[in-house]
Amino acid sequence: MRVLLRTGLARSSYAVLACRKHAFTTFSAAARKPSRGNPFARTGSKHNASPHLHRPGDHVASGALRHGPPKQQDAMKTYGVFRNLVLGRYDLMMNTSQSWAAKQDEYKGFGVNSKLDLQREVKLFRLSIEKACDLAGEKNAISKNDNPLFWSLRNAFVEGDISGLADEMVFAFQNFLMRSKFPKNIAATHRKIADFRFPYEWFPATRAMQRTIHLHVGPTNSGKTYNALKALENAKSGIYAGPLRLLAHEVYTRFLAKGKKCALVTGEEQRIPENEDNYFRSCTVEMTPLNHPVDVAVIDEIQMIGDSERGWAWTQAFLGVQAKEVHLCGEERAVELIQSLCATIGDECVVTRYNRLSPLETMTESLGGTFENLQKGDAVVTFSRVGIHAIKKQIENATGRRCAMVYGSLPPETRAQQAALFNDPDNDYDFLVASDAIGMGLNLEIKRVIFEQTHKRTKSAYRQMSTSELKQIGGRAGRYRTARHATESGPGPNSKEGEATPPAKPGQPGLVTAMENSDLEIIKRAFAREPEPIKTAGIQPPPSVVERFSTYFPPNTPFSYIISRLRDIAQTSPRFHMCFLGEMLKIADLIQPYPMSVYDRCVFLNAPVALREPSGSQVLQAFARCVSRMEGGDLVDIPEVDLELLDIDEEHFRSRPGEYLRRLEALHKTITLYLWLSYRYSGVFCSQNLAFHVKELVEARIDAHLAKVSVSQAKRRARLEAIRKKASKSALQKERVLGNNTSIDGPQHELSGEWNEEGHEEPLFNGPEDLQPITRLERGPADTRSG
């Protein structure tokens, strides 16, 4: 296959957009020049010795528990448990993965030149951890201002469990090693560079404009996005920016159907009208053009500006887009923050509130785990493509009636066909199974939304879905009057000033329930309360700031430490937060050995890298090697790309169908990353047409394989129950370690879908355990695209 692909297709001729100035998603129209050197390269260690660490006896914070009021005793006991956990993990790390034998070259970059020096620093930092935990227990000092070391360790544990805690301790120790390395004047310069209190000043051309911000807020199924898009349609030029490729493609298709020239711009695909200078742009939010003046811009799901990891993309689009009118669509809880930001930057803010077009209720009973209880017009929601196909078959087997499928990565024509089949009351497609993409505005006439589960995959475990997520998806119920039907005639006669729709009239409500009783209780609690207001907007420093900051560090300082340090000392105003770095630190460490500029390292930090895949790290390093050398990027010349899989017959995996699906998905993610990089380094990754062809081949095989996979319903239910127990056990463990307050002290997750998936949409599977219920492949042709 590799030889066939080498000669079978012409090289890419796709157009590439101009270089963007802000955030880590910067892309270039041509390949960058080779770097003259690598200031951050490091070599492997040949030493195997590890320092012997003396570990003092673990104890609860100083002072006996019998002293002090009950609340103080509880805090001392709770944080004493956390103290022991942290110290135990720290001792293990410093004897193994972070020992002198494993990391001596890296430690030398921090000025630690011998094993004895390291042992001394290890003991001193252990004392710092003890003091921080004691301060939390004795004084209940757990905020970032009062006890920054404890605050960072606690948040890392809540966010990422033990692995997140370990990563944070590595950075904290590196920061400790650098505590006295900089003179006061240099440290002051660092703080000046890291002054991010006024991120709106990063966009001077936009600040020179007088913009009007139209904020459309309301629940799902209220028509707010429809009205914003009408304003965009009536403009001479404009931009749509949404959270998913699915939504960007919907707007792109809509504008083309109306005879308007429009471009589709996502991280992995760009369709630019030929021989046209003036056209609309429909894009995913991180690709919003910031240097292109237009009349109207629409930014969808503005509440995601508060996301802990990716909120920077919405902040960048909101503060930077050069539009005379900016229409923001989202939830009521974003209003106060947006009004405050508008007042600061001098933009006029007009708020329009919307009401639901039909009532919404949670049911008192679940479906009892059986699909026989489904009714016509029901939609079952799950969070992976394997799950969607499995449930479709189970529904059809249990009911004898047809079931449509809708999810983000379906081809747009197929997705529209499936939605039309479900919406038509006069055929036998009575049911729908969908991903959480239905919460993002797809026009589906759903009577009941039924959650298969209420837990979603994180990087290390499973988490319970937030109130906002559950209400966003559940709010799609209410099939008798869709937003499109209601808003075509404009506001109703009973609308009040500032309201675009009247309150919902009594009638047939939309209903929300779950497959299992335990999940229904979670849904009921979510719908009985309002989500917390969005208090801060996420920001990420521009590459130019990172480049300047990095010049103050020794040549072989790990890049992961540099960006962590910048985050740690950053000054922000009360209305902004520094976004959590997530997998960026691991990506930085994986590409560390390859010489490249700081700018290029920043580009890689936000690439859609699949580190969960067994081959993900090797693929990333192979692509980094190509950028470092500025050559060798032909797809067939990169051995880490598993093109050989296309030569293997599906029958070879008959006894282990899950393995075939896993390898297909790994290859698909590899090609997605290749395409993403090809738009930033077109002179290096020059097999773009070939990559699109391979992507189509892989997607066809995935679809064909999913159509023939048979899944045991009993095994799937058992797996979902195991997920619930695992999530509950994790929550109880955190409660045992941290007490009753186990929430993140700061911004939360607000995103739907998966950011690192193509188009930010649903994954093929949530983890290896998602493939375990697959029992066999059915013989005979099947076509998932035909429904």
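Residues numbered from 1 in each chain as written. Predicted model: local features only at pLDDT ≥ 70, side-chain atom pairs only at ≥ 80, totals over all residues. Heavy atoms only, no water.

Along the protein, the regular secondary structure elements total 24 helices and 20 strands. Here the protein, with 787 residues, has 57% of them falling under the buried criterion. Within the protein, residue pairs in contact and separated by at least 24 positions form 79% of the contacts whose partners lie at least 6 positions apart. About 31900 Å² of surface is accessible on the protein, with carbon and sulfur atoms providing 50% of the total. (Helix = DSSP H or I, 4+ residues; strand = E, 2+ residues; numbered from the N terminus. Buried < 20%, exposed > 50% of the residue type's maximum accessible area, 1.4 Å probe, protein only. Contact = heavy atoms within 4.5 Å. Areas by Shrake-Rupley, 256 points an atom, 1.4 Å probe, with all protein chains shown as cover.)

Another aspect to go through is the pairing of strand E5 (residues 280-284). Counting buried positions over the five residues of E5 gives five, a clear majority of the element. Here E5 shows two buried faces, one formed by Phe 280, Ser 282 and Thr 284 and the other by Arg 281 and Cys 283. Here four bridges tie strand E3 (residues 262-265) to E5, and the two strands are oriented parallel to one another. Looking across to E5, one finds that Val 265 is bridged to Cys 283. (Pairing = 2+ DSSP bridges.)

This brings us to the packing of helix H14 (residues 467-474) against helix H16 (residues 517-527). Viewed as axis vectors pointing N to C, H14 and H16 meet at an angle of 95°, and their least axial separation amounts to 9 Å. Looking at the two axes, H14 sits roughly perpendicular to H16. Together, Thr 467, Leu 470, Lys 471 and Gly 474 of H14 and Ile 522, Ile 523, Ala 526 and Phe 527 of H16 make up the contact between the two elements. (Axes fitted to C-alpha atoms, helices over the stretch in contact; angles between N-to-C directions. Parallel < 35°, antiparallel > 145°, perpendicular 65-115°, else oblique.)

Let us look at the pattern of salt bridges. Taken as a whole and assessed by the stated rule, the structure comprises 35 salt bridges. A salt bridge links Glu 331 to Arg 333; the shortest N-O distance between them is 2.5 Å. For Glu 331, a relative accessible area of 15% translates into the label buried. Here Glu 659 ties to Arg 662 by a salt bridge, and the two come within 2.9 Å at their closest N and O atoms. Within this pair, Glu 659 and its partner Arg 662 are both found in helix H22 (residues 657-678), separated by three residues, close to a single helical turn. Of the residues examined, Arg 662 reaches a relative accessible area of 22% and is grouped as partly exposed. What you see here is one network of salt bridges that share partners, running through Lys 230, Glu 233, Arg 254 and Lys 258. (Salt bridge = Lys/Arg side-chain N within 4 Å of Asp/Glu carboxyl O.)

It is worth spelling out the sheet that holds strand E11 (residues 402-406) at this point. Pairing between the strands of a sheet comes from backbone hydrogen bonds, and it takes one of two forms, parallel or antiparallel. Within the open sheet, the six strands sit side by side as E9-E16-E13-E10-E12-E11. Their pairing is parallel. Edge positions in the sheet fall to strand E9 (360-362) and E11, since each has one partner strand and no second. With direction set aside, neighbouring strand axes in the sheet form an average angle of 25°. Relative to strand E16 (residues 510-514), E9 runs parallel, the two being bridged by three bridges. Bridge pairing in E16 places Leu 360 opposite Gly 510. Docked against the sheet, H14 engages E9, strand E10 (378-381), strand E13 (448-451) and E16, running at close to 140° with respect to E13. Its contacts with the sheet put H16 on E9, E13 and E16, and the angle it makes with E16 is roughly 135°.

The final tally for this structure, using the stated rule, is 21 aromatic pairs. Taking 5.9 Å as the distance between ring centres and 50° as the angle between the ring planes, the aromatic pair formed by Phe 82 and Phe 157 counts as tilted. Of this pair, Phe 82 sits in helix H2 (residues 70-95) while Phe 157 sits in helix H5 (residues 148-177); the two residues are 75 residues apart in sequence, bridging distant segments of the chain. Taking relative accessible area as the criterion, Phe 82 reaches 0% and is therefore assigned buried. Given the relative accessible area of 3%, Phe 157 is considered buried. Here the aromatic rings of Tyr 674 and Phe 685 are separated by 5.3 Å at their centres, their planes lie at 80°, and the arrangement is edge-to-face. With Tyr 674 in helix H22 and Phe 685 in the loop between H22 and helix H23 (688-708), the pair connects residues that are eleven residues apart, well separated along the chain. By relative accessible area, Tyr 674 is classed as buried at 0%. Cation over ring: Arg 179 sits above Phe 176, and NZ or CZ is 3.9 Å from the ring centre. (Phe/Tyr/Trp six-rings, centres within 6.5 Å; stacked < 30°, edge-to-face > 60°. Lys NZ or Arg CZ within 6 Å of the ring centre and 35° of its normal.)

Let's shift gears to the confidence of the model for the protein. Across the protein, pLDDT averages 82, with 80% of residues at or above 70. Ranking the helices and strands of the protein by mean pLDDT puts strand E6 (residues 294-299) first, with 98, and helix H15 (residues 483-487) last, with 39. For residues 9-66, every residue scores under 50 in pLDDT, and the model assigns this stretch 183 contacts once sequence neighbours within four places are set aside. Long-range and interchain partners of residues 780-787, a stretch whose pLDDT sits below 50, account for 20 contacts in this model, where long-range means more than four residues apart. (pLDDT = per-residue confidence, 0-100.)

Residues Ile 299, Phe 318, Ile 338 and Phe 623 are the most contacted members of the largest nonpolar core, which totals 167 residues. The contact partners of Ile 338, leaving out residues within four places of it in the chain, are Ile 213, Leu 215, Ile 302, Ile 305, Phe 318, Leu 328 and Cys 349. (Core = buried A, V, L, I, M, F, W, Y, C linked by side-chain atoms within 4.5 Å.)

Moving on, we get to the sheet that holds strand E2 (residues 238-242). Read from one edge of the open sheet, eight strands run E4-E3-E5-E2-E6-E7-E1-E8, paired in mixed fashion. Looking at strand neighbours, the two that pair on one side only are strand E4 (270-271) and strand E8 (348-353), the edges of this open sheet. Pairing analysis gives four bridges linking E2 to E5, with the strands arranged parallel. Among the inter-strand pairings, Ala 241 is bridged to a residue of E5, identified as Cys 283. Strands in contact with helix H11 (residues 335-345) are strand E1 (212-217), strand E7 (323-330) and E8; relative to E8, the strand with the most contacts, it is inclined by about 160°.

Along the chain, the position of Asp 91 falls in helix H2. The exposure class assigned to Asp 91 is buried, which follows from its relative accessible area of 9%. At 2.9 Å, the side chain of Asp 91 and the side chain of Arg 126 are in polar contact. (Polar contact = N/O pair within 3.5 Å; in protein donor to acceptor, adjacent residues only side chain to side chain.)

Let us now look at the pairing of E3. In E3, alternate side chains face the same way, and those of Cys 262 and Leu 264 on one face and Ala 263 and Val 265 on the other are all buried. One ladder, built from two bridges, connects E3 with E4; its direction is antiparallel. Its bridge partner lying in E4, Leu 264 is registered against Arg 271. Between E3 and E4, which pair antiparallel in sequence order, lie four residues.

Along helix H10 (residues 311-320), ten of the ten residues are buried, which leaves the element largely enclosed by surrounding structure. Looking only at H10, the buried set comprises Gly 311, Trp 312, Ala 313, Trp 314, Thr 315, Gln 316, Ala 317, Phe 318, Leu 319 and Gly 320.

Look at helix H21 (residues 616-629): 20 Å from first C-alpha to last across 14 residues, which is about the 20 Å you get at 1.5 Å a residue. What H21 keeps buried is the set Gly 616, Val 619, Leu 620, Ala 622, Phe 623, Ala 624, Cys 626, Val 627 and Ser 628. The elements touched by buried residues of H21 are helix H19 (584-590), helix H20 (598-605) and H22. Met 630 lies just past H21 and shows a positive phi near 55°. (Expected span 1.5 Å × (residues − 1).)

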